[in-house]
Amino acid sequence: MAAASSRSASLGLLVAAHCALLLALAGGASAGGVALSSTFYDASCPTAYDVVRRVIQNARVSDPRIPASLIRLHFHDCFVQGCDGSLLLDDDLPTIQTEKNVLANNNSARGFPVVDDIKAALEHACPGIVSCADILALAAEISVELAGGPRWSGLLGRRDGTTTNVESANNLPSPFDSLNVLQEKFRNFNLDDTDLVALQGAHTFGKVQCQFTRENCTAGQREGDLKNLDQVTPDLFDNKYYGNLLEGRAQLPSDEVMLSDPTAAATTAPVVQRFAGNQQDFFRNFAASMIKMGNISPLTGKDGEIRKNCRRVNSRGY
Ligand code: HEM
Ligand SMILES: *[C@@H]1O[C@H](CO)[C@@H](O)[C@H](O)[C@H]1NC(C)=O
Ligand SMILES: *[C@@H]1O[C@H](CO)[C@@H](O)[C@H](O)[C@H]1NC(C)=O
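Residues numbered from 1 in each chain as written. Chains lettered and ligands numbered in written order. Predicted model: local features only at pLDDT ≥ 70, side-chain atom pairs only at ≥ 80, totals over all residues. Heavy atoms only, no water.

(A) Region of interest: the UniProt feature "binding site: Ca(2+) 1" (unreviewed entry) in the protein chain. The UniProt entry lists Asp77, Val80, Gly82, Asp84, Ser86 and Glu99 under the feature "binding site: Ca(2+) 1" (unreviewed entry), expressed in the numbering used here. Considering the C-alpha atoms alone, the annotated residues occupy 23 residues of sequence yet fold into one spot, their largest mutual distance being 13.3 Å. Structurally, the position occupied by aspartate 77 is in helix H4 (residues 66-78). Since its relative accessible area comes to 0%, aspartate 77 is described here as buried. If sequence neighbours within four positions are ignored, aspartate 77 has contacts with Gly82, Cys83, Asp84, Gly85, Ser86, Leu87, Ala133 and Leu136. By relative accessible area, aspartate 84 is classed as buried at 4%. Beyond its immediate stretch of four places on either side in the chain, aspartate 84 contacts Asp77, Ala133, Arg159, Asp160, Gly161, Thr163, Leu299 and Arg307. (UniProt positions renumbered as here; feature names shortened; annotations may be inferred. Helix = DSSP H or I, 4+ residues; strand = E, 2+ residues; numbered from the N terminus. Buried < 20%, exposed > 50% of the residue type's maximum accessible area, 1.4 Å probe, protein only. Contact = heavy atoms within 4.5 Å.)

(B) Molecular detail of the pattern of salt bridges. One pass over the structure, following the stated rule, counts 15 salt bridges. When the shortest N-O distance is used, the salt bridge between lysine 292 and aspartate 195 registers 2.6 Å. Of this pair, lysine 292 sits in helix H13 (residues 279-294) while aspartate 195 sits in helix H9 (residues 193-200), placing them 97 residues apart in sequence. On the accessibility criterion, aspartate 195 (5% relative accessible area) is buried. Two residues, glutamate 247 and arginine 249, come together in a salt bridge whose shortest N-O distance is 3.6 Å. Taking the relative accessible area as the measure of exposure, arginine 249 reaches 36% and is therefore partly exposed. (Salt bridge = Lys/Arg side-chain N within 4 Å of Asp/Glu carboxyl O.)

Structure follows, in structure tokens:
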């Protein structure tokens, strides 16, 4: 209960935008079943938020990059057959082919042991209650807050899928995609230009391997060498990312195209300008876009399952 009330107290100025969005999304989601809800675990696992937060706090003592790595997992989960925890499944052939080895994830997506630690702590606190898909959503929200970004009350109640989709994972946004292609990949999930610009703002923290940068390791590094995505405030969740873009210091080609593509001036560039000039505006939009992204095709009600081990479907044992 303490967790729930401290969260509602923190909502502050986000509350109005959030409620409007919640109503809109609830209407849409009810067609397929039960809508997600910000109070989903209040009765069944009131400590869920605090448990997830404590594990992430501990993990980032030895690995300050963990918050960035965790929010990226939620993105790569939601963009592949919805926010169903499919990204977390390990190979279990022939039934399950893991998504972890596709180009966007191999030697790149990280933080899986921390997800395991969160799951273990939650199974101890409230066995069989909190899904792996919701762990990623909660971890994303908490990671942004711990790095100094906006707080919002995420929607919960997702259940875990029992399949992966490697073909779809191979189609995750690439750093070398053109603006058109990025826009299309986001529009497929009802995410518009403002969502695209806001969500890429997550590149305000975390790291990138030099072969994905515009520099392409030409400053003498070897493939795999890491650079900060935000060279001004590398571990802080703020709006400096947009200032970097405007100064020509975007790390990824996919960051840069939001300004330099011939069609950007009429679409994404004005949003970059806006967020560079107003952090509160960025924070509000980022929270709203994260809620939209977290609402991509969730399994709810009796669909899916609550995995006991995030790496395996329950029928395969754990
Ligand atoms: C527009 C499409 C996007 C593309 C093409 C893209 C691409 C990338 C690439 C290439 C990396 C570096 C990976 C590596 O070097 O191993 C990266 C890192 C990262 N991305 Fe994105 N990204 C996109 C959108 C997003 C979104 C929507 C989020 C979250 C809301 C996000 C959050 C992050 C974070 C936090 C990192 C650093 C992770 C770490 O340090 O472990 N990205 N992204
Ligand atoms: C993933 O990375 C490993 C280690 O670098 C490499 O051996 C393997 O071929 C890669 N897998 C795929 C599917 O590209
Ligand atoms: C980066 O440089 C390597 C080595 O010169 C090259 O093989 C690769 O194609 C380059 N990558 C891009 C995206 O241009």
